[in-house]
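Given next are the chains, with one letter for each unit.
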Amino acid sequence: MVLLALFVVAVPPLAGQYENLNPDASSRYLIFLGTSALVLALWAISYNLMLGYTGMVSFAHAAYFGVGAYALALIFKRYELPFFVALAAAPVVGAIVGLITGLVALRAVRLYFSLLTLAISQLLFSIVFQWYDFTGGDNGISITLPDQLNDYTTLYYFTAAVVVVCLLLMFVIVRSPFGAALLSIRENRDRAASIGINVRAYELAVYTVASLFAGVAGGLFIMYQQQAYPEMLYWTANAQPVVVSLLGGTTTFLGPAVGALIYVALDNAIAKQFPYQFDIILGAIVLGVVLAVPGGISDAPSVFLRLRERFHRGEKAEAPAAESTGEAIRMIDVRKALESEAIQAEAVHSGKMLLRLENLSKRFGGLRAVDDVSLEVRQGDRHAIIGPNGAGKSTLFNLITGRLKPSAGKVTFDGREITGKPPHVIARTGIGRAFQITTIFPKLTVRQNLQYAMLAHGGYTMRPFGVANRMFRNEAQELVEAVGLGPWADLPAGQLSHGDQRAIEIAISLALGSKLVLLDEPTAGMSAYETDKAMELVRRLATERHLTLLFCEHDMAVVFTTARTITVMHQGRVLTAGTPDEIRRNPDVQKVYLGELEEEELGA
Amino acid sequence: MTPGQVLLFTVGGLSNAAYLFIVAAGLSLVFGALRVINMAHGSLYMVAAFVTVVIANQLGAGLGFWGGLLVAVAVAGAIGGVVEVLVLRRVYGREHLVQLLGTYAVSLVVAGGVRIVFGPNYRTVASPIPGHLDLAGYSYASYSLFMIAGAIVIGAGVWTMLYRTNLGRNIRAAVSDPDLLNATGVNVTRLYTTVFVIGAGLAGLGGSIVAPSQAVGSSIDTDVLVLAFAISVIGGLGSIVGSAVGALIVGMVISFGLVIPQTNPFALAFVFIIMTAVLIVRPHGLFGRPES
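Residues numbered from 1 in each chain as written. Chains lettered and ligands numbered in written order. Predicted model: local features only at pLDDT ≥ 70, side-chain atom pairs only at ≥ 80, totals over all residues.

A. Quick peek at the overall build of chain A. Secondary structure assignment for chain A yields 25 helices and 12 strands. When the 604 residues of chain A are sorted by exposure, 49% land in the buried category. Counted over contacts in chain A with a minimum sequence separation of 6, partners at least 24 positions apart contribute 74%. (Helix = DSSP H or I, 4+ residues; strand = E, 2+ residues; numbered from the N terminus. Buried ≥ 20, exposed ≤ 12 C-beta atoms within 10 Å, placed from the backbone. Contact = placed C-beta atoms within 7 Å.)

As structure tokens, this is what we get:
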């Protein structure tokens, strides 16, 4: 970063030197190139706030760049306001247009979001292109800079100063808890919502912030080009920030700045002689980066790491031996925990009411997936929901966590009605969830997974300053160790085994301060060894941290060793509920499961 | 507006809808089966338009055009096959981001190639079906009417392929569960290549058919791609019927939007306003289904 800063400062004198050595070269032209690289870097880094940090592909970013340029030109030239007022207006207009159009674009997600931005981009383009009287139509609009900025070296330093200030601001943002929220959205949208992040609001915020900085870049662009033209807004113009971000790397903050340097150099070296070949080269670069190095060139080291890891995997295979020795010791703790549980068991039914479902129903067309279910979960309980496939267990969980809206009925949690509230709101009231399919933030480290959850839970993620990775570090580390993943705290969570990822999930629920943790088939897809290990962890954490659990599970051994209350569901309805002993003796329950067995045999 | 004018602009709208439908149907077919938005779809359209024009001008209008059309569709299909094998296979099932950027890169490469091979100038070709039809005070180019009829035939052909043949049944099965289809002994990899080649062929067909009615230049790829996106989104990505309805809406809006002086400059803007409105009210388009 320091090197880059030195380089930025040194461009004009270096260009002067170069001109002295080589009379053919024009220092003016080199400084012009330097200015354009700076502006491109700013534009691309603002794009990368969306692409690299949030995982959004926008085809409208060029439009805000163009809007900034036009705003400056129109205010300065048409309304004859002072130049610096016009320059200050560029980001403001960019951000306002970005906010308004972003409100529309973010009605859709992912692919459809991208297509909406395309429509918005073309809409803005055709307005600029066709509104001849105001924008000058296809002639564009040109300006003459005020005298104090008309010198190209002054302009260069002025541009550099503005760009550096903008980059610092953006750097503060990406390191902040707000930036952490963006990263978690990129990693896993659903997971981000379930730790309490309002995904759409954050996407709209970053979209607007990116438009603001694109507006600055547009304003700086028209200063050195002295002209704005409608093609700046055309959707294909987005190729530039995309290519630049990919060239330099989308995973590092300054990557796109490096990309901008490479791009301007390539453009100058190749595009002048071979304009058509240049497209092919750009295409080939993007293709290569996308297919081989997902994060761009500066992410290449991680590819080498991956290769090296593959190479060394043989040595790692011996590791589990040590782990299972520790396992034996831990099993003794479990026995102790189970004993102490006997004392606590009576407390369950005197515990406070935590979750109450009243006549909850969910219909999909004619199918009653959940039909008039009433259920109570008391504080400190470990409540299992069992039932054959299709009994409505997963649907019920989705109704509780807000991923589905009930057709009828009421959900009350901790004294508050939460029926039909969005997932991030329900998460904040204290219901944590581990998913049927393991969902974590795979590229974040184990500790970051927990830190970001704690940030979201503490309500810090709206903060665009501060350093996210330094907040809750100790608390997260403590929790990582509590779930037995201490040695792996700094590894990307996605590299851990399936069972360990489950442990991270449960830890995320704890990090969210959840009073109630929903576990959807916590041991699905696990080996017997992993199952024992995971359930031991669940029981231990539940005991140590006084958690209330609501889980569904097919493995009856797990159910009867963990649950204190069991509800049996069949065809969307509650068949019966009671203690494990009562359920074991209930003939209806046996019939339900036997019935399923018969069907399975018939089907086979 | 007199009834004669209404008819004139309706026919204009229909002939817009005709070639746009052929292109959008290819885009939609590929998305439906492979779940990939092909950003290079317009490039295949452009390649075919250039190939048709060059061959037709070499061999003379008439027979030259029909020969050019066949060659162009074959070329577009072949490029599609290569792209599927080299690029698409590596992005199936990955994030939309990777798919968008990957096919976008292909479009850059193809566009660059077209400019090198065919140069930057606009080219035109004479209509293979000259003559016109006079009706209610206005004359209609026979070729426009041919385009409309051609689009109906092609639409019917695609529908028959999807709903009346083995291939179509497999494609529809692949949409809902490719793994299961694979397990029943269908070579899904080859099926995907086939679908992509058909999609590319449709892009090519659209480019060939439109060549006599529009100037062919090196920026028609993005122009048509944007409209094909709008159509697919309005009609619902993955739905052939949706493509037809979307193409009719877009074709008519452009045609009538250009007529009325007050709306003339913003005819294209209307298309995108409609697209935005549809996405907000029905996020998966008029005939689309949500992604599972």
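B. The packing of helix α2 (residues 41-59) of chain B against helix α9 (residues 220-235) of chain B, seen in detail. Residues and elements named next belong to chain B. As a packed pair, α2 and α9 sit with axes 8 Å apart at the nearest point and diverge in direction by 130°. The angle between α2 and α9 places the two elements in the oblique class. Both α2 and α9 take part in a crossing whose hand is right-handed. Mapping the contact onto sequence places His41, Gly42, Ser43, Tyr45, Met46 and Ala49 in α2 and Ile220, Asp221, Thr222, Val224, Leu225 and Ala228 in α9. For the contact of α2 with α9, the class distribution of residues is 7 nonpolar, 4 polar and 1 charged. (Axes fitted to C-alpha atoms, helices over the stretch in contact; angles between N-to-C directions. Parallel < 35°, antiparallel > 145°, perpendicular 65-115°, else oblique. Left-handed = near helix turned anticlockwise from the far one by under 90°. Nonpolar A, V, L, I, M, F, W, Y, C, P; charged D, E, K, R; others polar.)

C. Spotlight on helix α4 (residues 96-118) of chain B. Over its 23 residues, α4 of chain B extends 32 Å from the first C-alpha to the last, a length consistent with the 33 Å expected when each residue adds 1.5 Å. Once α4 of chain B finishes, glycine 119 of chain B follows within two positions and takes phi at roughly 80°, a positive value. (Expected span 1.5 Å × (residues − 1).)

D. Seen up close, the environment of alanine 180 of chain A. All names here are of chain A. In this fold, alanine 180 is placed in helix α8 (residues 177-187). Its 28 C-beta neighbours within 10 Å are what place alanine 180 among the buried residues. In the structure, alanine 180 is positioned 268 residues away from glutamine 448 in sequence and 8.9 Å away in space, judged by C-alpha atoms.

E. Molecular detail of the sheet that holds strand β11 (residues 565-570) of chain A. Residue and element names in this part refer to chain A. Sheet architecture is open: 6 strands sit in the order β8-β9-β10-β5-β11-β12, paired in mixed fashion. In this open sheet, the two strands that pair with only one neighbour each are β8 (431-434) and β12 (573-578). With direction set aside, neighbouring strand axes in the sheet form an average angle of 20°. Alignment of strand β5 (residues 382-386) against strand β10 (residues 548-552), held across 4 bridges, turns out to be parallel. Within the sheet, the bridge partner assigned to arginine 382 lies in β10 and is leucine 549. Each of β8 and β9 (516-520) touches helix α21 (residues 498-511); the most contacted strand, β8, lies at about 175° to it. (Pairing = 2+ DSSP bridges.)

F. How the structure looks around the interface of chain A and chain B. Taken together, the contact pairs 34 residues of chain A with 35 residues of chain B. Looking at the side of chain A that touches chain B, the elements with two or more residues in it are α5 (110-130), α11 (239-248) and α13 (275-292) of chain A. When residues in the side of chain A that touches chain B are grouped by element, the largest group, 13 residues, is from α5 of chain A. Here the side of chain A that touches chain B is composed, by residue class, of 23 nonpolar, 8 polar and 3 charged.

G. Geometry of the nonpolar core. Ranked by size, the top nonpolar core spans 289 residues in total, and within it Leu42 and Val286 of chain A together with Ala230 of chain B carry the most contacts. Two domains each provide a minimum of three residues to this core, namely domain 1 (2-234) and domain 2 (331-603) of chain A. Among residues more than four places away in sequence, those in contact with valine 286 of chain A are Val243 and Leu246 of chain A together with Leu101, Tyr104, Ala105 and Leu108 of chain B. (Core = buried A, V, L, I, M, F, W, Y, C linked by C-beta atoms within 7 Å. Domains from an automatic or database assignment.)

H. Seen up close, the environment of leucine 510 of chain A. Secondary-structure assignment places leucine 510 of chain A in helix α21. If near-sequence neighbours (up to four positions away) are discounted, leucine 510 of chain A is found in contact with Leu479, Leu541 and Arg545 of chain A.

I. Structural view of the pairing of β12 of chain A. Residues and elements named next belong to chain A. Relative to β12, β11 runs antiparallel, the two being bridged by 5 bridges. Bridging across to β12, histidine 570 finds its partner in arginine 573. Connecting β11 to the next strand, β12, in antiparallel fashion are 2 residues, including glutamine 571 with a positive phi near 50°.

J. Structural context of the confidence of the model for chain A. Averaged over every residue, the pLDDT of chain A is 82; the share at 70 or more is 87%. When the criterion is pLDDT under 50, residues 313-347 of chain A qualifies, and its contacts beyond four places in sequence or with other chains add up to 14 contacts. (pLDDT = per-residue confidence, 0-100.)

K. Structural detail: the domain arrangement of chain A. Residue and element names in this part refer to chain A. Annotation of chain A at the domain level lists domain 1 (2-234) and domain 2 (331-603). Using C-alpha coordinates to define each centre, domain 1 is positioned 45 Å away from domain 2. Contact residues are listed per partner, giving 21 residues for domain 1 and 28 residues for domain 2. Put simply, the parts of the chain that give the side of domain 1 that touches domain 2 at least two residues each are α7 (152-175), α8 and α9 (189-194). Ranked by residue count, the leading element in the side of domain 1 that touches domain 2 is α8, at 8 residues. For the side of domain 1 that touches domain 2, the per-class residue count stands at 10 nonpolar, 7 polar and 4 charged.

L. Quick look at the sheet that holds strand β3 (residues 353-364) of chain A. All names here are of chain A. Judged by pairing direction, the sheet is antiparallel, and its 4 strands sit side by side in the order β4-β3-β6-β7 without closing on themselves. Two strands lie at the open edges of the sheet, namely β4 (367-378) and β7 (416-417), each paired on one side alone. As judged from the 2 bridges shared by strand β6 (residues 408-413) and β7, these two strands associate in the antiparallel manner. Opposite phenylalanine 413, over in β7, you have arginine 416 as the bridge partner. Where helix α17 (residues 393-401) meets the sheet, its contacts fall on β3, β4 and β6, and the angle it forms with β4 comes to roughly 65°.

M. Local environment of unusual backbone geometry. The backbone of aspartate 372 of chain A shows a phi angle near 55°, a positive value even though the residue is not glycine. Mapped onto the elements of the fold, aspartate 372 of chain A is located in strand β4.

N. Representation of helix α20 (residues 473-482) of chain A in the model. Residues and elements named next belong to chain A. When α20 is considered as a whole, its buried residues turn out to be Ala476, Leu479 and Val480. Projected down its long axis, α20 carries its buried residues within an arc of 105°, all on one side. Projecting away from the buried face of α20 at angles above 90 degrees are the exposed residues Asn474, Glu478 and Glu481. For α20, the secondary structure elements touched by its buried residues are α19 (446-458) and α21. Within two residues after α20, glycine 484 carries a phi angle of roughly 80°, on the positive side. (Arc of directions from axis to C-beta.)

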